[in-house]
Amino acid sequence: SAALSYIAIAPSVIFVAVISAFRGYFQGKQNMFPSALSQIIEQFVKMAAGLSLAYAFRGYGLAMGVFGAVLGVTLSEFAAMIVIVWQYYQDKNRLRLSYPKNELKKYIKLIYAISIPMTISSIIMPITQLIDSALVINILSKTFSSAVSTTLFGLFSGTVSSLVNMPVVLLISISIALIPSITASKVKGHIKSVETKSSLALKLTVLLSLPCFVGLLIYARPIIDFLYGGGLKIGEINEPLVAARLLSIYSVSVVFVSVLTVTSSVLQSLGHTFAPVKNLLIGAGVKILLNFVLLDLIGIYGAAISSLVCYLTAMTLNLISLKKRIKIRYEIINLILKPLIAVGLMGLCAYYAYQLFCYAFDYRLSLLIAIALSAGVYFGLCLAMNILTEREIADIPILKKLVEKKG
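Source: prediction; values computed, not measured.

(A) Broad picture of the overall build of the chain. Secondary structure assignment for the chain yields 17 helices and zero strands. For the chain, whose C-alpha radius of gyration is 23 Å, the value lies close to the compact-globule estimate of 22 Å for 407 residues. The principal-axis extents of the C-alpha atoms in the chain amount to approximately 65 × 50 × 40 Å. The proportion of buried residues among the 407 residues of the chain is 43%. When contacts within the chain are restricted to residue pairs at least 6 apart in sequence, long-range pairs at least 24 apart make up 77% of them.

And the structure:
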């Protein structure tokens, strides 16, 4: 039944490769607009085409319905590829490729020296997740039926991981926008600028990931009910309850994965391409070992905890590697203490605001109002506590413009 979906998604491999090359080109020029536009088009087409095709093919059986949904992914990648290639040809300041012919081999070797470690780093987690799926389902099958074991793993790898990955993708995009600037500073020999920008990327990641973690932790059950409603059927297990518990446990991975990804990017931009690979391999090894122990003890929740420990291990090793290579400052007050105070107060506001609004409104509306209010409280506290210095604000174009406009 799954074979149809593999056929549907296969062409997207080509489209994604082309998209990645062009996004890398624009981001190297520190122009994020084409990447952003192509990603917006990609997500819009993915949703519209995926839902429409799943609906159109549903009458031919479940496998065909899934085929339609997955085909929507391929169509979205094709649309994104067309958009970003069009952006390239519209670029009036398009760079021309030129190099001495006798140096071609040197450039090819340089490309491979950078891309091979990054590729290895990118495939470690998918391979680990593949091993994970076999381990989790087989170990859980000792206690539950095969169908229930598959459902439990689906809740974690599909429902919960998708929710956690949503803010992670946004946070990483914001922070990685600084990476080309870090690379440019390194090439020019401006080491102090490299250290400053690396510290800023890390601080932004922490500041933006903390409220996402606390929001998912506090609102786990209402978020599951709001987004999935009756889509999670209650059969042999209470799926909404299990999904909510998994989301509460796994929510902190927003912070770990975001910091891990950004520190990996900084290390790679500094030319230390194998350090993140080694650190992630160690984390993946820890994850697989913990699965054998925890899945027997606490079931599917063990998969969530082992993943957390994996990302925490790799993140910690990345931070150590970064500290060894540049004089990056890990400020206790502005990087840890103040953000924790702000997010703690936000958490209290989030919890009690939701409880209060539920007396007057439907839980869905209460959730949206409470999230908006909590976000306002958090960012207000961050500004009041001066977590970002004036120099750091000046390094972030959008904040610089807002401050200048306010002034």
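(B) Region of the structure containing the pattern of salt bridges. By the definition in use, this model includes six salt bridges. Asp-362 serves as the salt-bridge partner of Arg-364, at 3.3 Å between the closest nitrogen and oxygen. Salt bridges sharing partners connect three or more residues here, namely Arg-23, Glu-42 and Lys-46.

(C) Looking closely at the packing of aromatic side chains. Per the counting criterion, the structure on display carries 11 aromatic pairs. With a centroid separation of 5.2 Å and an interplanar angle of 65 degrees, the aromatic rings of Phe-22 and Tyr-88 are classed as edge-to-face. Here the residue Phe-22 occupies a position in helix α2 (residues 12-28), and Tyr-88 occupies one in helix α4 (residues 62-90), the gap between them amounting to 66 residues. By the burial criterion, Phe-22 is buried, and Tyr-88 matches it. Look at Tyr-219 and Tyr-354: their rings are 5.6 Å apart centre to centre, the planes differ by 65 degrees, and that puts the pair in the edge-to-face class. With Tyr-219 in the loop between α8 (191-218) and α9 (220-228) and Tyr-354 in helix α14 (residues 332-357), this pair connects stretches of sequence that are 135 residues apart. Among the aromatic residues, ring-to-ring pairing joins Phe-22, Tyr-25, Phe-26, Tyr-88 and Tyr-89 into one connected group. In this structure, Arg-58 packs its charged tip against the face of Tyr-55, placed 3.9 Å from the ring centre.

What counts, and at which threshold
Residues numbered from 1 in each chain as written. Predicted model: local features only at pLDDT ≥ 70, side-chain atom pairs only at ≥ 80, totals over all residues. Heavy atoms only, no water. Helix = DSSP H or I, 4+ residues; strand = E, 2+ residues; numbered from the N terminus. Rg over C-alpha atoms; globule rule 2.2 N^0.38 Å. Buried < 20%, exposed > 50% of the residue type's maximum accessible area, 1.4 Å probe, protein only. Contact = heavy atoms within 4.5 Å. Salt bridge = Lys/Arg side-chain N within 4 Å of Asp/Glu carboxyl O. Phe/Tyr/Trp six-rings, centres within 6.5 Å; stacked < 30°, edge-to-face > 60°. Lys NZ or Arg CZ within 6 Å of the ring centre and 35° of its normal.

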